[in-house]
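Structural description and commentary
Listed below, chain by chain, are the residues.
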Amino acid sequence: MSLALDLALCALILGAALATVAGGAVFRAVIFFITYGLFLAIGWARLGAFDVALAEAAIGAGLTGVLLLAAHGRLRRMQAGDAPPPAGLNLPAALAGAGMALALGWAWFALPVPATPDIAQALPRSGVGNPVTAVLLNFRAWDTLLESIVLLAALLGVWMLARNDDWNAPLGPRYHALSGGVLVNFGRFLPPIGLCFGVYLVWAGADYIGGAFQGGTVLAAVGLVALMANVVRPPRVSYALLRVAVVVGPAVFLLAGLLAAGFGGAFLTLPPALAKPVILVIEAALTISIAVTLALLVIGPPDDAGRSS
Amino acid sequence: MMADVATYVLTALGLVFFVAGTVGLLRFPDTFSRLHALTKADNLGLGFIALGVAFQADTWAQLAMLALIWALALLAAGTVAQLVARAALAQVQEGE
């Protein structure tokens, strides 16, 4: 019975992936990409990797999907999305994709299984009960620190696309919402629930399933709903609190790493006695930065021309 | 035992509504009737599935979560249906 379910799931994942890349219009590809992400999340959940499943559903399908939809909307406003995609197979891309799949398949079978360190043994020293959080924020903190900096760099890249005259305009395009309409009511009703859920995900991440990235994405979605329903106003780049929110995560992370080095350890090695509070502080700061940065990535650079049109 | 039977019957009923909604989505002629098929049938279907799964719940907290999931899905589906319908209406009026 569960074999049938797994086989059906595999077929759905492959089918959605194929429908995403196999020609057709941009909009169709985006919709299938989101569907693919959701199937993939169910797949991760079936494998018992609930942290990855949450991340895939929230970031892979949800946020990336919204990002792609926003890009598609922008292309359409510029009348650039109307051009039909080139007919036939994109041979270089197909070759590159197939080559990558073959290389990964070869690596899977040919490379020896690495001797994984026993996380369960080291877990008590990490300060948290969730092994995924222990790896992300303690044992392999480097990766997470660099990821948070990559997000910041991506946002700066998006902001660089702003025209000089628009720099002090509110961020993003103007969203339309009928005052007193359905969207506005939705934008007032949903954020409190989403806020609770997002904060819970971060808090639970220390010992159960969840974490800064999953919770941050939920909070970013809350902000986006409120923005798109015109319940809150889009901020400006010059808004000081906004700048603080964007850098506080990487900054606190770096500071904690440097302090650890200063107190006799090495960079980013947390002393076991202090690990739990330090991780919670880092996660809280990271969540703020992740939530704000992700939401700002979706609404895009300040765009005064897009607002007045 | 009785709980299992209830789960089977209710989730099967939910699936019937999902199938009906999907058939309506594929067969109905315009956006508005397709939305009608999609939201009405799917919301009922999800309700029956949630109700069916509720018979397997061990704690009240799980029941509350199932109810919350259904309520949020209802809210989102209703809102999105309104927005899509409004966008489609604007498009129809533009075409005239």
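These numbers come from a predicted model, not from an experiment.

At the junction of the two partners, chain A supplies 7 residues and chain B supplies 7 residues. The contact between chain A and chain B buries some 620 Å² in all, and 89% of this surface belongs to carbon and sulfur atoms. Summed over the three residues of chain A that lose the most area to chain B, namely Val-182, Leu-183 and Phe-186 of chain A, the buried surface amounts to 64% of that side. Where chain A packs against chain B, one counts 0 salt bridges. Per-class residue counts for the side of chain A that touches chain B are 7 nonpolar, no polar and no charged.

Attention shifts here to the pattern of salt bridges. All names here are of chain A. Using the criterion set out here, one finds 2 salt bridges over all chains in the structure. One salt bridge in this structure joins Asp-6 and Arg-46, with 2.8 Å as the shortest N-O distance. Pair noted here: Asp-6 is in helix α1 (residues 2-21) and Arg-46 is in helix α2 (residues 26-46), with a separation of 40 residues, a long-range link. By relative accessible area, Asp-6 is classed as partly exposed at 28%. Close ionic contact of Asp-166 with Arg-163 constitutes a salt bridge, the shortest N to O distance being 3.3 Å. Arg-163 gets classed as partly exposed once you look at its relative accessible area, which sits at 47%.

Any pair of aromatic rings gets described here by the distance separating the centres and the angle formed by the planes. All names here are of chain A. Applying the stated criterion across every chain, the model contains 2 aromatic pairs over all chains. Measuring from ring centre to ring centre gives 6.4 Å for Phe-33 and Tyr-36, while their planes differ by 40°; the resulting arrangement is tilted. With a gap of 3 residues between them, Phe-33 and Tyr-36 both fall in helix α2, about one helical turn apart. Among the residues examined, Phe-33 registers a relative accessible area of 25% and is labelled partly exposed.

Attention now goes to empty space enclosed by the protein. Residue and element names in this part refer to chain A. Taken as a whole and judged by the stated rule, the model has 2 cavities of 30 Å³ or more. Lining the largest cavity, in full, are Thr-133, Leu-136, Leu-137, Thr-144, Gly-210, Gly-211, Ala-212, Phe-213, Gln-214, Glu-283 and Leu-286. Of all the secondary-structure elements, those providing two or more residues to the lining of the largest cavity are α6 (131-139), α9 (212-228) and α11 (275-299). Residue classes in the lining of the largest cavity are distributed as 5 nonpolar, 5 polar and 1 charged. As for the second largest cavity, its lining consists of Ser-148, Leu-151, Leu-152, Val-246, Pro-250, Ser-289, Ile-290 and Thr-293. The set of elements that each furnish at least two residues to the lining of the second largest cavity consists of α7 (141-159), α10 (240-262) and α11. Class assignment of the residues belonging to the lining of the second largest cavity gives a composition of 5 nonpolar, 3 polar and no charged.

A separate point is α7 of chain A. Residues and elements named next belong to chain A. An ideal rise of 1.5 Å per residue puts 27 Å on 19 residues; α7 measures up with 28 Å between its terminal C-alpha atoms. Within α7, burial applies to Ala-141, Thr-144, Leu-145, Ser-148, Leu-151, Leu-152, Leu-155, Val-158 and Trp-159. Axial view of α7: buried residues confined to an arc of 150°, hence all on one face. On the buried face of α7, the contacting elements are α6, α9, α10 and α11.

A word on the confidence of the model for chain B. All names here are of chain B. Across chain B, the average pLDDT comes to 88, with 99% of residues at 70 or higher. Taking the mean pLDDT of every element in chain B, the minimum, 87, falls on helix α3 (residues 60-95) and the maximum, 90, on helix α1 (residues 2-27). Quick note on the complex model: pTM equals 0.83, ipTM equals 0.80.

Once that is clear, we can look at the side chain of Asn-43 of chain B. Considering the arrangement of structural elements, one finds Asn-43 of chain B in helix α2 (residues 31-54). Taking relative accessible area as the criterion, Asn-43 of chain B reaches 16% and is therefore assigned buried.

Definitions and cut-offs
- Residues numbered from 1 in each chain as written.
- Chains lettered and ligands numbered in written order.
- Predicted model: local features only at pLDDT ≥ 70, side-chain atom pairs only at ≥ 80, totals over all residues.
- Heavy atoms only, no water.
- Contact = heavy atoms within 4.5 Å.
- Buried area = accessible area lost by both parts, 1.4 Å probe.
- Salt bridge = Lys/Arg side-chain N within 4 Å of Asp/Glu carboxyl O.
- Nonpolar A, V, L, I, M, F, W, Y, C, P; charged D, E, K, R; others polar.
- Helix = DSSP H or I, 4+ residues; strand = E, 2+ residues; numbered from the N terminus.
- Buried < 20%, exposed > 50% of the residue type's maximum accessible area, 1.4 Å probe, protein only.
- Phe/Tyr/Trp six-rings, centres within 6.5 Å; stacked < 30°, edge-to-face > 60°.
- 1 Å grid on protein atoms, 1.4 Å probe; cavity = no way out; pocket = protein on both sides within 12 Å on 5 of 7 lines; lining within 4 Å.
- Points joined across faces, edges and corners; volume = space filled by probe spheres on them.
- Expected span 1.5 Å × (residues − 1).
- Arc of directions from axis to C-beta.
- pLDDT = per-residue confidence, 0-100.

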